[in-house]
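A look at the structure
One letter stands for each residue in the lines below.
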Amino acid sequence: MDLTGLGFDGWFEQRTSSLLQPGQGLARVTAVDRNAFLIRGQGAEQYAELAGKLRFETQSAMDLPCVGDWVCAQWSASEGPALIHAVVPRRTLLRRKRPGTTVEFQLIAANIDVAFILQACDHDFNMRRIDRYLLMASEGHIEARIILSKTDLISPAELERQMAQITGAGISVPILPLSNDNGSGLDAFRALLAPGKTYCLLGSSGVGKTTLLNRLLGREAFVTKAVSETGEGVHTTTRRYLLILEGGAMLIDTPGMRELGLMGTAEVMKDTFAELGELALSCRFSNCTHGGEPGCAIAQAVASGTLSEERYRNYLKLKKESEFRGAAYFQKRKKDKECGRIIKAAKKSMKV
Ligand SMILES: Nc1nc2c(ncn2[C@@H]2O[C@H](COP(=O)(O)OP(=O)(O)OP(=O)(O)O)[C@@H](O)[C@H]2O)c(=O)[nH]1
Ligand SMILES: [Mg+2]
Ligand SMILES: [Zn+2]
């Protein structure tokens, strides 16, 4: 397959010329398992490892290849693994805060064109979760589509109500309802996929991501599992894999996420909550935090019913969270840098 079919274009080419060394070629990462990688270049998919320099000089997980990345690789003359020497700058990046209390990021996938955010109609439906996924996609500069799955489990009227709830909240992202069970909406979903573009499936465990992938493939290629009785989703998919579909589109199935850590910037918040940003222009104070100041246009819109209170509350909650995470993250980066300096200084003194 040529590189264009894998999504390579002028944008990447521009950023590659200075990186690629003689003897190396470009490849796309299709799977990651700790320090082992599957990459795909012009030839067949193959096993790869990190070159020593990349492994030892890496400061943060952000600098290591993840699924979807373009890398500069050197193929082995013998049967051995290829070596990854460099990661090409990413056009888009999906990442989340690592579960727990640290402020490290976990990379989910790189160079995704469109993220499908799946919500199951039956009991997964949750507006706040939709907002969070949309924010995550927007932070990564990725277009999003909302997929309401398992429509066979609810009535048409209930589906209508859920769709109205999303649009009513001011979310303008296209919504597609579908059922893996009775097949409705599947053709419409297929029509969204274009050759050479990269897509990913996001959403809680058990919403039917892998089942959808199997429907597209027309066979039970990947394992799916019934949602457990307690409602506590068991993670059936445990690894991300970039798959090339028959029509030439690429799709990454992901394990369901339990905790969505986000680090937002003011710009991203404005993007996801565009209508709030517009309203904020009419607040009395230009630095209004919309947290109860007099003359707040957002509070007025909530009071008069033109803005849903739920959306306003989500906004405040996410804003607080992303500000906190942002501050913590930059503090940590600073500390890492200081550590690096101390180690460097120590090494220097050892040489004498
Ligand atoms: N009724 C109904 N059940 C579905 C539908 N899609 C998937 N399921 C069922 O939901 C369960 C979970 O589906 P999976 O595809 O494994 O879910 P997943 O999103 O991949 O879950 P993780 O891999 O854990 O993230 C399975 O029992 C599927 O058969 C649907 O459209 N309707
Ligand atoms: Mg799965
Ligand atoms: Zn205000």
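Everything discussed here concerns the structure shown above.
Attention here is on the structure that accompanies the text.

Thresholds applied
Residues numbered from 1 in each chain as written. Chains lettered and ligands numbered in written order. Predicted model: local features only at pLDDT ≥ 70, side-chain atom pairs only at ≥ 80, totals over all residues. Helix = DSSP H or I, 4+ residues; strand = E, 2+ residues; numbered from the N terminus. Buried ≥ 20, exposed ≤ 12 C-beta atoms within 10 Å, placed from the backbone. Contact = placed C-beta atoms within 7 Å. Pairing = 2+ DSSP bridges. Right-handed = clockwise from strand over helix to strand, strands pointing away. Expected span 1.5 Å × (residues − 1). Arc of directions from axis to C-beta.

Let's shift gears to the overall build of the protein chain. For the protein chain, the count of helices and strands is 10 helices and 13 strands. Taken across its 352 residues, the protein chain has 32% of its residues classed as buried. Across the protein chain, every contact between residues at least 6 apart in sequence was considered, and the portion connecting residues at least 24 apart equals 64%.

The next subject is the environment of S308. Residue placement: S308 occurs in the loop between α9 (297-304) and α10 (309-351). Measuring from C-alpha to C-alpha, the distance between S308 and G168 comes to 8.1 Å, with 140 residues separating the pair along the chain.

Right, let's talk about the pairing of strand β5 (residues 82-87) for a bit. Where strand β3 (residues 45-50) lies against β5, three bridges are found, and the strand directions are parallel. Its bridge partner lying in β5, E49 is registered against L83. Relative to β5, strand β4 (residues 70-74) is paired through four bridges, and the arrangement is antiparallel. Opposite V71, over in β5, you have V87 as the bridge partner.

Now for the pairing of strand β8 (residues 114-120). Burial analysis of β8 places six of its seven residues in the buried class, which makes it a mostly covered element. Here β8 runs beside strand β9 (residues 143-149); their pairing, made up of seven bridges, is parallel. The residue of β9 that forms the bridge with F116 is R145. Note that the unit made of β8, helix α3 (residues 127-139) and β9 has a crossover that is right-handed.

Compared with the 18 Å implied by 1.5 Å per residue over 13 residues, the 18 Å span of helix α4 (residues 156-168) between its first and last C-alpha is a close match. Positioned one or two residues after α4, G170 has a phi angle of 90 degrees, which is positive.

All right, on to helix α6 (residues 209-217) then. If you check which residues of α6 are buried, you get K209, T210, L212, L213 and L216. Along the long axis of α6, the arc covered by the buried residues comes to 155 degrees, so they all point the same way. In the core, the buried residues of α6 are packed alongside β8, α5 (186-190), β11 (198-202) and β13 (250-253). Looking one or two residues beyond α6, the residue adopting positive phi is G218, at roughly 75 degrees.

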